[in-house]
Amino acid sequence: MFDYNKIKTGIGKLEEEIVIEEINKMLAEGADAQKIMESCQDGMTAVGKQFQTGEYYIGDLIFAGEIMKQALDILKPYLITSSSETVGKMVLCTVQGDLHDIGKNIVRLLLESSGFDVIDLGIDVSAQRIADTIRENKIKILALSGVLTLAIESMRKTVELLKQESLRNELKIIVGGSCISDDSCKIIGADAWTYNPQDGVAICRKWAMMP
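Residues numbered from 1 in each chain as written. Predicted model: local features only at pLDDT ≥ 70, side-chain atom pairs only at ≥ 80, totals over all residues. Heavy atoms only, no water.

Draft legend 1. Quick look at the packing of aromatic side chains. Inspection of every chain in the model, using the stated rule, returns 2 aromatic pairs. Ring geometry for phenylalanine 2 versus tyrosine 4: centroids 6.2 Å apart, planes at 55 degrees, classification tilted. Residue phenylalanine 2 shares its accessibility class with tyrosine 4, and that shared class is buried. Here the aromatic rings of tryptophan 193 and tyrosine 195 are separated by 5.2 Å at their centres, their planes lie at 90 degrees, and the arrangement is edge-to-face. Among the residues examined, tryptophan 193 registers a relative accessible area of 27% and is labelled partly exposed. (Phe/Tyr/Trp six-rings, centres within 6.5 Å; stacked < 30°, edge-to-face > 60°. Buried < 20%, exposed > 50% of the residue type's maximum accessible area, 1.4 Å probe, protein only.)

See the structure below:
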């Protein structure tokens, strides 16, 4: 009934007005907000590929990010559950030296819609601030985001500091971003990694349900 590919194609072509109009129209007609979100993510992936091939430039990436932010604002009320169930509290941030927040914001929205109380520390967050927040709020789950290669070292240093401050043993850590792989996850010392926001949320929910 609904052609969700219109959203993906629109973002891929940087057609701001068409994307926003189509999202509003589809939601009004009863489309699945989660599927719209996934189409937006697919569109951003397409933009990223065009940037890698040289068809798009940094300005195009920024513009695509602005379109995505508008889409998130529209979708948020449809994705946040009305249930009073709280799965648990967790910390989310983009690590020091990295200013990217689109992926982080998508993950936060999905986590909140799954019942998490998310403490979002934002971007360019120091290891010490992360450690202090975990201690003060008795956090058991930490999600670190990064896009730049330098984020891997920032994540590693964050995990090392958590160990030094005796905060690591009872803490589960998941890392995500285009710079992350199985090898870098091991270097960082995290418990899990993912490219896919939905998979990341599923992992965090599994951890939250553990005794």
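Draft legend 2. Region of interest: the environment of arginine 205. Relative to the assigned elements, arginine 205 resides in helix H9 (residues 197-209). In sequence terms arginine 205 and leucine 111 are 94 residues apart; their C-alpha atoms lie 8.7 Å from each other. A polar contact is formed between the side chain of arginine 205 and the backbone oxygen of serine 114, at a distance of 2.5 Å. (Helix = DSSP H or I, 4+ residues; strand = E, 2+ residues; numbered from the N terminus. Polar contact = N/O pair within 3.5 Å; in protein donor to acceptor, adjacent residues only side chain to side chain.)

Draft legend 3. Expanded view of the side chain of serine 114. With respect to the helices, strands and loops of the structure, serine 114 is situated in the loop between helix H5 (102-113) and strand S2 (116-120). According to the relative accessible area criterion, serine 114 is buried, its value standing at 18%. Serine 114 has contacts with Val87, Val201 and Arg205, leaving out every residue within four places of it along the chain. (Contact = heavy atoms within 4.5 Å.)

Draft legend 4. Up close: the packing of helix H1 (residues 5-12) against helix H2 (residues 16-28). Packing of H1 against H2 leaves a shortest axis separation of 9 Å and a crossing angle of 165 degrees. Considering the angle they form, H1 stands roughly antiparallel to H2. Both H1 and H2 take part in a crossing whose hand is left-handed. On H2, the residues touching Lys6, Ile7, Gly10 and Ile11 of H1 are Val19, Glu22, Ile23 and Met26. Along the lines of polarity and charge, the residues of the contact of H1 with H2 split into 5 nonpolar, 1 polar and 2 charged. (Axes fitted to C-alpha atoms, helices over the stretch in contact; angles between N-to-C directions. Parallel < 35°, antiparallel > 145°, perpendicular 65-115°, else oblique. Left-handed = near helix turned anticlockwise from the far one by under 90°. Nonpolar A, V, L, I, M, F, W, Y, C, P; charged D, E, K, R; others polar.)

Draft legend 5. Looking closely at the pattern of salt bridges. All told, the structure shown has 12 salt bridges when counted by the stated rule. With its nearest N and O atoms 3.3 Å apart, the salt bridge here joins arginine 135 to aspartate 132. With arginine 135 and aspartate 132 both in helix H6 (residues 127-137), this residue pair falls 3 residues apart, about one helical turn. (Salt bridge = Lys/Arg side-chain N within 4 Å of Asp/Glu carboxyl O.)

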